[in-house]
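The lines below spell out each chain.
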Number of protein chains: 2
Amino acid sequence: MVKVKTTDLQTQEKIFKAASEIFEEKGFAAARMQEIADRAGINKALLHYYFRSKELLFEAVFQVLLKKMFEKILSVFMMDISFEKKIKLYYEEHINILIRNPNLPLFLLNEISHNPGLGKGIRETLRYAEMRDVIYRKHAKEIRKYGIRKGELPQLMVTIVSMAIFPFAARNVMKMMMEQLGDTKSFNTFMQARKEFASDFVIAALKNRKK
Amino acid sequence: MVKVKTTDLQTQEKIFKAASEIFEEKGFAAARMQEIADRAGINKALLHYYFRSKELLFEAVFQVLLKKMFEKILSVFMMDISFEKKIKLYYEEHINILIRNPNLPLFLLNEISHNPGLGKGIRETLRYAEMRDVIYRKHAKEIRKYGIRKGELPQLMVTIVSMAIFPFAARNVMKMMMEQLGDTKSFNTFMQARKEFASDFVIAALKNRKK
DNA sequence: AATATCTTTGATCGATTAGTTAAACTATAA
DNA sequence: TTATAGTTTAACTAATCGATCAAAGATATT
């Protein structure tokens, strides 16, 4: 039997995958290098060989998870489609991503709040100014039609994303609630239904705003 | 000079206050007993004298902070006023509480998600079934008028609370955004404006729902 | 085959941390 | 004053954790 040697790339990927999972589940402070090594199926010293320290390993993982969260969203908001279609597509795409990575919101919000030094990577990934400019340029008429003043656009943006992100951050509380209320539907079923509910809700609100 | 002896109650309160602050800021895993002792101005061994372990101290603090988050909200939703007035009052009261305790949402969501054993206290404090029954009983007609089906009520509830809670959980990200966008208003000013924006948004959406 | 370089491991180190202990200190009451 | 119970402290312990190191193993180069 020929023993196939795992190359360094494979090892690095194994470490990265394990570290992503552990950090996402437990956060930086509660994550243990030993547990990451165990899940990757390697020795603990090898972690320090590939990534010098826990901090560096974390930062590498953090940047990738940050991109996983925001890249698709950014691309949706850059698209050349109507504002209503954009909202529908946003919920469809973002909720799909979050169903596959349900721990992402709480992990990111938490680490950003505890480690202000992570700010640089955020600015580069989540390009707010660019997004706002695109929205102003492409949807100025629609937004004015809806009675949204210029200064209220941040309020609207926060509202839209919170409807997709918050349920994942509050996922365990929601599961307890649903269980106690005798709701037999799963959390994922709830989030599937939320795609349409959120789209309709936002569009209905915009069509009925006081001008 | 007469040295006034601090009574045990004063000491216990000092410890509790310091522990609340540290746990709220850093979370259970990153909080240090030494730091709590320092902030309380006492010896570390005294922490273990009043609260046997870090876990017990944390659980005591957690229950109080959980109540601080949900007690007022529960009382608002129990009141005998119209649904629209209830929504307005909810945002007014809850956002006021959160402005005074901005770290509360992320702290609670995070600890609940990392420690499922905390579930008991949550069920007793956040009495979902009771809240849902009250809403069904008092507002059945309004909710039907708005085109909200019975099964969609959880969607509506999550939407309402997320608009108040999420911005605090994402507070640091929002601060970065506002800074980069050249927004000179403070986060608290944003949240003050959000009281009216959120009320209007929810009411507008409800009045315009497809039946 | 011989050498050099890269990868992986077991063992260990030093620092940090929650928790303990024994003794000192204070207040109260007899 | 003395005895008792409650409070506070400095010093210490045991365990955990991130990090290091020396040596073994694997791969590539000549």
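Counting of residues starts from 1 at the beginning of each chain's written sequence and follows it residue by residue. Think of it this way: whatever chain is written first is A, whatever ligand is written first is 1, and the rest follow in order. Given that the model is predicted, a residue must reach a pLDDT of at least 70 before its local features are reported, and side-chain atom pairs must reach 80 or more before they are shown or counted; all residues, however, enter totals for whole chains, interfaces and linings. The side-chain numbers reported here are obtained from all heavy atoms of the structure, hydrogens and water having been left aside.

(A) Inspection of the overall build of chain A at higher detail. A count of helical and extended segments in chain A gives eleven helices and zero strands. Secondary structure elements follow DSSP: runs of H or I no shorter than four residues count as helices, runs of E no shorter than two count as strands, and numbering proceeds from the N terminus. The order of helices and strands in chain A, counted from the N terminus, is α-α-α-α-α-α-α-α-α-α-α. Structurally, chain A occupies a C-alpha span of about 70 × 45 × 40 Å along its principal axes. Exposure is judged per residue with a 1.4 Å probe applied to protein chains only, and the accessible area is read against the type maximum: over 50% gives exposed, under 20% gives buried, and values in between give partly exposed. Residues classed as buried in chain A amount to 49% of the 211 residues present. Residue contacts follow a heavy-atom distance rule, with two residues in contact if any of their heavy atoms lie within 4.5 Å. Of the contacts made within chain A by residues no fewer than 6 positions apart, 70% connect residues no fewer than 24 positions apart. We count Lys and Arg on the positive side and Asp and Glu on the negative side, and we leave His and both chain ends out. Charge coordinates come from a single atom per side chain, which is NZ of Lys, CZ of Arg, CG of Asp or CD of Glu. Taken as two groups, the 37 positive and 24 negative side-chain charges of chain A have centres that lie 4 Å from each other.

(B) Structural detail: the packing of aromatic side chains. Residue and element names in this part refer to chain A. Working definition: a ring pair exists when centres of Phe, Tyr or Trp rings (six-membered ring for Trp) sit within 6.5 Å. Plane angles under 30 degrees give stacked, over 60 give edge-to-face, the rest tilted. Tallying each qualifying case throughout the model produces 27 aromatic pairs over all chains. A centroid spacing of 6.0 Å and a plane angle of 65° characterise the contact between phenylalanine 58 and phenylalanine 107, whose relative ring orientation is edge-to-face. In this pair, phenylalanine 58 sits in helix 4 (residues 54–78) while phenylalanine 107 sits in helix 6 (residues 104–114), placing the two residues 49 residues apart along the sequence. By the burial criterion, phenylalanine 58 is buried, and phenylalanine 107 matches it. Linked through ring pairs, Phe23, Phe28, Phe58, Phe62 and Phe107 together constitute an aromatic cluster. Comment: the charge-over-ring label is applied if NZ (Lys) or CZ (Arg) is within 6 Å of the ring centre and within 35 degrees of the ring normal. Over the face of the ring belonging to phenylalanine 28 we find lysine 54, whose NZ or CZ atom lies 4.4 Å from the ring centre.

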